[in-house]
Amino acid sequence: MPYMDYAAGCPIDERVVEAMVPYFKEPGNPSSVHSVGLKARNAVEEARQKVAELINANADEVIFTSGATESNNLAIIGYAMRNASKGKHIVTTAIEHISIINVCKYLQKNGFEVTYIPVDRYGIVSVDSIEEAIRDDTILVSVQHASSEIGTIQEIERIGEVVKSKNAAFHVDATASLGKIEVDVEKMNADLVTLSSNDIYGPRGVGGLYIRKGVKIQPIMLGGGQEFGLRGGTENVAGIVGFGKAAEIAKQEWRSEAERLAKMRDKMIDGILKAVEESYLNGHPEKRLPNNIAVRFNYVEGESILLSLDMEDIQASTGSACTSKTLQPSHVLMALGLKHEEAHGSVLFTLGRYSKEEDVDYVLEKLPGIVERLRMMSPLYRRR
Amino acid sequence: MGVYSEKVMEHFRNPRNVGVIEDADGVGTVGNPVCGDLMTMYIKVEDDRIVDIKFQTFGCGAAIATSSMATELAKGKTLEEALKITRQTVAEALGGLPAPKMHCSNLAADALRRAIVDYLRKKGDFDRIKQLGLEKELEKMEKGEEEEDHEHGEVCEA
Ligand code: FES
């Protein structure tokens, strides 16, 4: 069963589950003063240390949230609200995750101005255009490290330098890159970094936000002062422990895993582009996540490809799960300058820790026939 | 994939009446402005009855399954009977469709309607077009409009 939808959801590593189990059962609230509470507190702090080590940060610069979407909300809304007196302009890109785009729209309705930088046809944001967009009243620049949907990796370190030189704060959404390529908050010059647990084989429902020492944000979840007063609510202890364990494993294994996955990725991309005529790669051919195979096929529609793949027990995606609700082509694909029907023919395969070489072979065997069958049904194919 | 009924999946797996009728008596094409998908329906008519019908679809699973179901429902019907096929009839025959996918079944019903108008127009039977209340459809087709207005699915923009 080739599961190739790791970007939508990763299985939880067995080692992570094991580490979590004791904390599911025990009552400990990290805020309690008794010994059971203390044990939970220690477990949370240990996890914080591990997540910090993965990104080259200090433990007291990491807070836990309910996931990447909350982290993106907290980073942008929290920073904008707290620093509005310095300015009300934010710079981001056209290919951010929908949570960033929607947070920016929300701020626009609340007195902020947002500039969305376009990308080139490979999904690269030019460093110069970021520099040009930053004004005197720009307080925050938010750029994703890499795109889960098209695989493209941004020149994040150079962007970070530019943002720093202009005295704005820099938020990086590292949801898709963490555990797959190097994420180093120092090299990136980042002030805020969004981290997801499930994307590194940790449990769902947990995430993190890196906040550089001295950077001020306002909480958006008010409560009893947990997480340095930045995120109220009793900690999800088992989840946090799992995230910590996942970070520890990622730190040890990401390099070798990236190498292994990149080989499979290249084999699969080459194989598809050779076997299916009028098929194309979405995203950048080299500056690319090691697990990402984003392709498109003319004359056929993505969902019908997914259903056909699923009939062969292959799980893939059209990109963002949101798209399947709106039926609109994804804003990321449209930002590449694709035509409506080109964007519609896109399919995303994402590999992961449990992907095997045979899976790639199996997909390469099945996919050409699937596309062919659907093309025979397509009025566009005939109209050529 | 869990979103569709077994019946929808069955028609998706084995769509009936896929293809082109080269010497069709009527051809109807509709585009879906919500999602950009496209469908063409071909009919052969004898004694006011649809004796053969084929379709081609560029679209999602629901679009393919509803096209298939619509052709099955329409085959052997008189024109008048065939015009009673709506998106509801098709969706019901398929055991329902997920809410954001209801608009997909418009494609099939509309393409069929247009194929019938095309047949009558080619015959020069404009009285019949009027009698069946299809003038509006004809007008749109003459203007070369492929697109119909449809209700939009759920939109996730804030
Ligand atoms: S017909 Fe386009 S999404 Fe169904």
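Residues numbered from 1 in each chain as written. Chains lettered and ligands numbered in written order. Predicted model: local features only at pLDDT ≥ 70, side-chain atom pairs only at ≥ 80, totals over all residues. Heavy atoms only, no water.

Chemist: Looking at this structure, how should I read the overall build of chain A?
Modeler: Secondary structure summary: chain A contains 14 helices and ten strands in total. What you see for chain A is a C-alpha radius of gyration of 21 Å, in line with the 21 Å of a compact globule of 384 residues. Considered along the principal axes of its C-alpha atoms, chain A spans approximately 70 × 50 × 35 Å. Residue burial in chain A is summarised as follows: out of 384 residues, 58% are buried. Once local pairs closer than 6 in sequence are excluded, the contacts in chain A between residues at least 24 apart make up 73%. Summed over all atoms, the accessible surface of chain A reaches about 15,400 Å², with 51% contributed by carbon and sulfur. (Helix = DSSP H or I, 4+ residues; strand = E, 2+ residues; numbered from the N terminus. Rg over C-alpha atoms; globule rule 2.2 N^0.38 Å. Buried < 20%, exposed > 50% of the residue type's maximum accessible area, 1.4 Å probe, protein only. Contact = heavy atoms within 4.5 Å. Areas by Shrake-Rupley, 256 points an atom, 1.4 Å probe, with all protein chains shown as cover.)

Chemist: Could you clarify how one ought to interpret the packing of helix α9 (residues 302–311) of chain A against helix α2 (residues 61–74) of chain B in this entry?
Modeler: Viewed as axis vectors pointing N to C, α9(A) and α2(B) meet at an angle of 85°, and their least axial separation amounts to 7 Å. In terms of orientation, α9(A) and α2(B) fall into the roughly perpendicular class. For the pair formed by α9(A) and α2(B), the contact residues are E303(A), S304(A) and L307(A) on the first element and G61(B), A62(B) and I64(B) on the second. Class assignment of the residues belonging to the contact of α9(A) with α2(B) gives a composition of three nonpolar, two polar and one charged. (Axes fitted to C-alpha atoms, helices over the stretch in contact; angles between N-to-C directions. Parallel < 35°, antiparallel > 145°, perpendicular 65-115°, else oblique. Nonpolar A, V, L, I, M, F, W, Y, C, P; charged D, E, K, R; others polar.)

Chemist: What is the right way to look at unusual backbone geometry in this model?
Modeler: With the exception of glycine, most residues fall at negative phi, and the peptide bonds are largely trans. Residues and elements named next belong to chain A. In this model, N56 sits at a positive phi of 60°, which is unusual for a non-glycine residue. Topologically, N56 is positioned in the loop between α2 (35–54) and β1 (62–65). The residue D313 is not glycine, and still its phi comes out positive at about 65°. Relative to the assigned elements, D313 resides in the loop between α9 and α10 (323–326).

Chemist: Whenever I open this one, empty space enclosed by the protein confuses me. Can you help?
Modeler: Residues and elements named next belong to chain A. Following the criterion strictly, the structure yields four cavities of 30 Å³ or more and no others. Considered as a void within the structure, the largest cavity measures approximately 50 Å³ in volume. Residue lining of the largest cavity: Y6, A7, S148, A176, K180, D199, L289, N291, N292 and T350, and that is the complete set. Per-class residue counts for the lining of the largest cavity are four nonpolar, four polar and two charged. (1 Å grid on protein atoms, 1.4 Å probe; cavity = no way out; pocket = protein on both sides within 12 Å on 5 of 7 lines; lining within 4 Å. Points joined across faces, edges and corners; volume = space filled by probe spheres on them.)

Chemist: Mind showing me how you'd approach the environment of I272(A) here?
Modeler: Residue and element names in this part refer to chain A. Looking at the secondary structure, you find I272 in helix α8 (residues 237–275). Put simply, I272 and P368 are 96 residues apart on the chain and 7.7 Å apart in space, counted from C-alpha to C-alpha. I272 has contacts with S279, I293, V295, F297, F349, L364 and L367, leaving out every residue within four places of it along the chain.

Chemist: So what exactly am I meant to see when it comes to the packing of helix α5 (residues 104–123) of chain B against helix α7 (residues 135–142) of chain B here?
Modeler: The axes of two packed helices give the description: the angle between them and the distance between them. Residue and element names in this part refer to chain B. One way to put it is that α5 packs onto α7 with a least axis distance of 10 Å and a crossing angle of 85°. The pairing of α5 with α7 is recorded here as roughly perpendicular in orientation. Contact residues: R113, R114, V117, D118 and R121 in α5; E137, L138, K140, M141 and E142 in α7. The residue inventory of the contact of α5 with α7, partitioned by class, reads three nonpolar, no polar and seven charged.

Chemist: Before we go on, may I ask you to explain the environment of N110(A) in this structure?
Modeler: Turning to its location among the elements, N110(A) is positioned in the loop between α4 (98–109) and β3 (113–117). When the C-alpha atoms of N110(A) and K88(A) are compared, they prove to be 10.0 Å apart, with 22 residues separating the residues in sequence.

Chemist: Would you mind showing me how to read the nonpolar core here?
Modeler: In a soluble, globular protein the nonpolar side chains are often hidden away together inside. Among the nonpolar cores identified, the biggest contains 71 residues, and F297(A), L309(A), F349(A) and M41(B) are the most heavily contacted of them. Among the elements that take part in this core, α5(B) stands out by supplying ten residues, more than any other. Excluding its chain neighbours within four sequence positions, the residues that come into contact with F297(A) are I272(A), V276(A), E278(A), S279(A), I305(A), G345(A), V347(A), L367(A), V371(A) and R375(A). If you look at the next biggest cluster of nonpolar residues, it comprises 57 residues, including V119(A), A168(A), A190(A) and A250(A). (Core = buried A, V, L, I, M, F, W, Y, C linked by side-chain atoms within 4.5 Å.)

Chemist: Please clarify how the sheet that holds strand β1 (residues 26–31) of chain B should be interpreted in this entry.
Modeler: In a beta sheet, neighbouring strands are held together by backbone hydrogen bonds and run either parallel or antiparallel to one another. All names here are of chain B. The strand order across the open sheet formed by three strands is β1-β2-β3, and the pairing between neighbours is antiparallel. What marks the edges here is a single partner per strand, and that holds for β1 and β3 (49–58). Direction aside, neighbouring strands of the sheet carry axes that sit 15° apart on average. Where strand β2 (residues 38–46) lies against β3, nine bridges are found, and the strand directions are antiparallel. Across the sheet, residue K44 finds its bridge partner in β3, namely D52. Relative to the sheet, α2 contacts β2 and β3, its axis offset from that of β3 by approximately 175°. Contacts between α5 and the sheet are confined to β1, β2 and β3, with β1 contributing the most and set at about 145° to the helix. (Pairing = 2+ DSSP bridges.)

Chemist: I tried to follow the packing of aromatic side chains on my own but got confused; where do I start?
Modeler: In this description, an aromatic ring pair is defined by two values, namely the gap between the centres and the angle between the planes. Applying the stated criterion across every chain, the model contains five aromatic pairs over all chains. A ring pair is formed by F64(A) and F243(A), whose centres lie 6.0 Å apart and whose planes are at 70°; its orientation type is edge-to-face. Here F64(A) is found in strand β1, whereas its partner F243(A) is found in helix α8, with 179 residues between them in sequence. Here F64(A) falls in the buried class, since its relative accessible area comes to 3%. Given a relative accessible area of 0%, F243(A) falls into the buried group. For the ring pair Y201(A) and Y354(A), a centre distance of 6.1 Å and an interplane angle of 90° mean the geometry is edge-to-face. A residue pair is termed long-range when its members are at least 10 positions apart, and Y201(A) in the loop between β6 (192–196) and β7 (207–211) and Y354(A) in the loop between β10 (346–350) and α13 (357–377) qualify at 153 residues. In this structure Y354(A) comes out as partly exposed when scored by relative accessible area, which is 39%. A cation over an aromatic ring shows up here: K88(A) above the ring of F112(A), its NZ or CZ 5.1 Å from the ring centre. One Lys or Arg, R373(A), reaches over the ring of F12(B) and ends 5.5 Å from the middle of that ring. (Phe/Tyr/Trp six-rings, centres within 6.5 Å; stacked < 30°, edge-to-face > 60°. Lys NZ or Arg CZ within 6 Å of the ring centre and 35° of its normal.)

The analysis is restricted to geometry; functional conclusions fall outside its scope.
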